[in-house]
Amino acid sequence: MRPRFSILNILIALVGVALLVFTIRRVGWSEVVSGVTSVGWWFLAVLALGAARMACRARAWMVCANDSQLRFRDTFGAMIAADALGNLTPLGLLASEPTKILMTRSRVSTVTSVASVTIENAFYTVSVLVVLLAGTWFFFQRADVPPALEQIAEVIVAAIVVAAVAGLWIARRQPAVLSRFAPFVTRLAGRTAVPAAALREVESRIYGVLTWPLGRLVHVGAWEVLFHVAAVAEVWLVLRLLPGAAAATLVDAFLLESAGRFVTIAFKFIPYRLGIDEAGSGAVAQVIGIGPAAGVTLALVRRLRILVLNAIGLVRLARV
């Protein structure tokens, strides 16, 4: 299995590189290079906004855990390390989320860690669905959408509706998923046995969100909203620095960010979404009138930011 897995990774990487080269050549090497160069030292601000996004989710995680032993530096370090593993491997969430749990096990109980990570991811997922839905609506209002992109937008809306229905069903029925699949959870945890009481406690804490005070719900939600605000600010800043996109508005930035969020979710299994981010961002930028070169350059600058933060995350992981 491992040799096949490695070959598949190599093939995916080669396809990604080919797509990246094709996309850049199509919009023009000189325009892309000029755009990246124009960012200059402002890249530090882009990097700071990227780190701020991780910090927002780390704070949301702390509120979900509601444990004084879980410090910000613990959650932030675990967040950037988990993001690095999630981007480096095709496993995505299967690599990133267990990393968060493992890196905080010395501060809080496994039950608290698993429950809080799951709850924070649920809040984050809801916020992403809202962003995707709003982005799709703005996209239809703003541009003359080609048939291919219109079909993608319809898929997004359909997926959001399905996710909303599933979420309502889960909230109403509160199925004992972990308890029912205890053997699978045990194998996933790499232990000989996971106590049934621990699984029931995790489920109880997750479903207990429905009884949280309004203030706590708003607190978590506010951090998730700030995550997306920082993301849009990052896109807007980069666009304002590019020669051909200086007139870009916050709506343009929001459209590109929502499209990028969809690409991240749909192609999470591809390490770093090599070539896909650039192609998708260039296509959306062209439709909304900014120009494909600006979209491709934006994706490249953000990729560089991801690489820097991931390098920091891997260093943090190595020190555990």
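See the structure shown above.
All values reported here derive from a predicted model rather than from experimental measurement. (Residues numbered from 1 in each chain as written. Predicted model: local features only at pLDDT ≥ 70, side-chain atom pairs only at ≥ 80, totals over all residues. Heavy atoms only, no water.)

Novice: Hey, could you go over a nonpolar patch on the surface for me, with residue numbers and the actual values?
Specialist: A surface patch of nonpolar side chains, about 260 Å² in accessible area, is lined by Val17, Val21 and Trp29. Within the secondary structure, tryptophan 29 sits in helix α2 (residues 29-39). (Patch = residues over 30% accessible without salt bridge, like charges linked within 9 Å, V, L, I, M, F, W, Y side chains within 5 Å. Areas by Shrake-Rupley, 256 points an atom, 1.4 Å probe, with all protein chains shown as cover. Salt bridge = Lys/Arg side-chain N within 4 Å of Asp/Glu carboxyl O. Helix = DSSP H or I, 4+ residues; strand = E, 2+ residues; numbered from the N terminus.)

Novice: Please give an account of the side chain of arginine 53 that cites residues and values.
Specialist: Along the chain, arginine 53 falls in helix α3 (residues 43-65). Residues contacting arginine 53, with those up to four places away along its chain left out, are Phe227, Ala230, Ala231, Glu234, Glu257, Arg261, Arg302 and Arg305. (Contact = heavy atoms within 4.5 Å.)

Novice: Give me the lowdown on the environment of valine 229, citing residues and values where you can.
Specialist: Within the secondary structure, valine 229 sits in helix α11 (residues 214-241). Overall, valine 229 belongs to the partly exposed group, its relative accessible area being 46%. Once the C-alpha coordinates of valine 229 and leucine 49 are considered, the two residues, 180 residues apart in sequence, prove to be 9.7 Å apart. (Buried < 20%, exposed > 50% of the residue type's maximum accessible area, 1.4 Å probe, protein only.)

Novice: Describe the packing of aromatic side chains, naming the residues involved and giving the relevant values.
Specialist: Under the counting rule described, the total for this entry stands at 5 aromatic pairs. A centroid spacing of 6.1 Å and a plane angle of 15 degrees characterise the contact between phenylalanine 123 and tryptophan 212, whose relative ring orientation is stacked. Remark: tryptophan 212 occurs in the loop between α10 (196-207) and α11 and phenylalanine 123 occurs in helix α6 (residues 110-142); sequence separation between them is 89 residues. Assessed through its relative accessible area of 13%, tryptophan 212 is described here as buried. Seen from their ring centres, phenylalanine 138 and phenylalanine 254 are 5.8 Å apart, and the 80 degrees between their planes marks the pair as edge-to-face. Here phenylalanine 138, found in helix α6, pairs with phenylalanine 254, found in helix α12 (residues 250-266); they are 116 residues apart in sequence, far enough to count as distant. (Phe/Tyr/Trp six-rings, centres within 6.5 Å; stacked < 30°, edge-to-face > 60°.)

Novice: Talk me through the pattern of salt bridges; I want residue IDs and the actual numbers.
Specialist: Scanning all chains against the criterion turns up 13 salt bridges. The partner of arginine 71 in a salt bridge is aspartate 74, with the nearest N and O atoms 2.9 Å apart. Look at arginine 71 and you get partly exposed, because its relative accessible area is 29%. We note a salt bridge from arginine 107 to aspartate 74, for which the minimum N-O separation is 3.4 Å. A residue pair is termed long-range when its members are at least 10 positions apart, and arginine 107 in the loop between α5 (93-103) and α6 and aspartate 74 in helix α4 (residues 72-88) qualify at 33 residues. Through salt bridges with shared partners, a single network forms among Arg53, Glu234, Glu257, Arg261, Arg302 and Arg305.

Novice: Please give an account of the environment of alanine 18 that cites residues and values.
Specialist: Within the secondary structure, alanine 18 sits in helix α1 (residues 2-27). The class for alanine 18 is partly exposed, based on a relative accessible area of 46%. Along the chain, alanine 18 and glycine 275 lie 257 residues apart, while their C-alpha atoms are 7.5 Å from each other.

Novice: Go over α12 with me, naming the residues and quoting the values.
Specialist: For α12, spanning 17 residues, the distance from its first C-alpha to its last is 24 Å, which sits close to the expected 24 Å at 1.5 Å a residue. Listed as buried for α12 are Asp252, Ala253, Phe254, Leu255, Leu256, Glu257, Ser258, Arg261, Val263 and Thr264. (Expected span 1.5 Å × (residues − 1).)

Novice: Just give me the short version of the nonpolar core, but keep the residues and values in it.
Specialist: Membership of the largest hydrophobic core comes to 24 residues, with the highest contact counts inside it found for Leu239, Leu242, Leu256 and Ile290. Those elements giving two or more residues to this core turn out to be α3, α6, α11, α12, α13 (276-287) and α14 (292-318). When residues in this core are grouped by element, the largest group, 5 residues, is from α11. The residues contacting leucine 239, other than those within four sequence positions of it, are Ala245, Ala246, Ala248, Ala253, Leu256, Ile290 and Leu298. Listed in part, the 17 residues of the second largest apolar core include Ala65, Met103, Val128 and Ile160. (Core = buried A, V, L, I, M, F, W, Y, C linked by side-chain atoms within 4.5 Å.)

Novice: Could you give an account of α3, naming the residues involved and the relevant values?
Specialist: The first and last C-alpha atoms of α3 sit 33 Å apart over 23 residues, in line with the 33 Å expected at 1.5 Å per residue. With its phi angle positive at about 55 degrees, asparagine 66 sits one or two positions after the end of α3.

Novice: Describe unusual backbone geometry, naming the residues involved and giving the relevant values.
Specialist: Trans peptide bonds make up most of the peptide bonds, and negative phi angles are found at most residues other than glycine. Backbone geometry places asparagine 66, a non-glycine residue, at a positive phi of 55 degrees. Tracing the sequence through the fold places asparagine 66 in the loop between α3 and α4. On the basis of relative accessible area, asparagine 66 is assigned to the exposed category, the value being 58%.

Novice: Please provide a residue-by-residue account of the packing of α12 against α13, values included.
Specialist: Axis separation between α12 and α13 bottoms out at 10 Å; the angle between their running directions is 145 degrees. In this structure, α12 meets α13 at a crossing whose hand is right-handed. Only Ile276, Asp277, Ser281, Val284 and Ala285 of α13 make contact with α12, whose side of the interface consists of Leu255, Leu256, Ala259 and Val263. (Axes fitted to C-alpha atoms, helices over the stretch in contact; angles between N-to-C directions. Left-handed = near helix turned anticlockwise from the far one by under 90°.)

Novice: Describe the packing of α11 against α14, and please don't skip the residues or the numbers.
Specialist: In the contact formed by α11 and α14, the axes pass within 10 Å of each other and the chain directions differ by 125 degrees. One finds that α11 runs oblique with respect to α14. Here the hand of the crossing between α11 and α14 comes out right-handed. Judged by residue contacts, Ala231, Glu234, Val235, Val238 and Leu239 of α11 engage Leu298, Val301, Arg302 and Arg305 from α14. Grouping the constituent residues of the contact of α11 with α14 by class yields 6 nonpolar, no polar and 3 charged. (Parallel < 35°, antiparallel > 145°, perpendicular 65-115°, else oblique. Nonpolar A, V, L, I, M, F, W, Y, C, P; charged D, E, K, R; others polar.)

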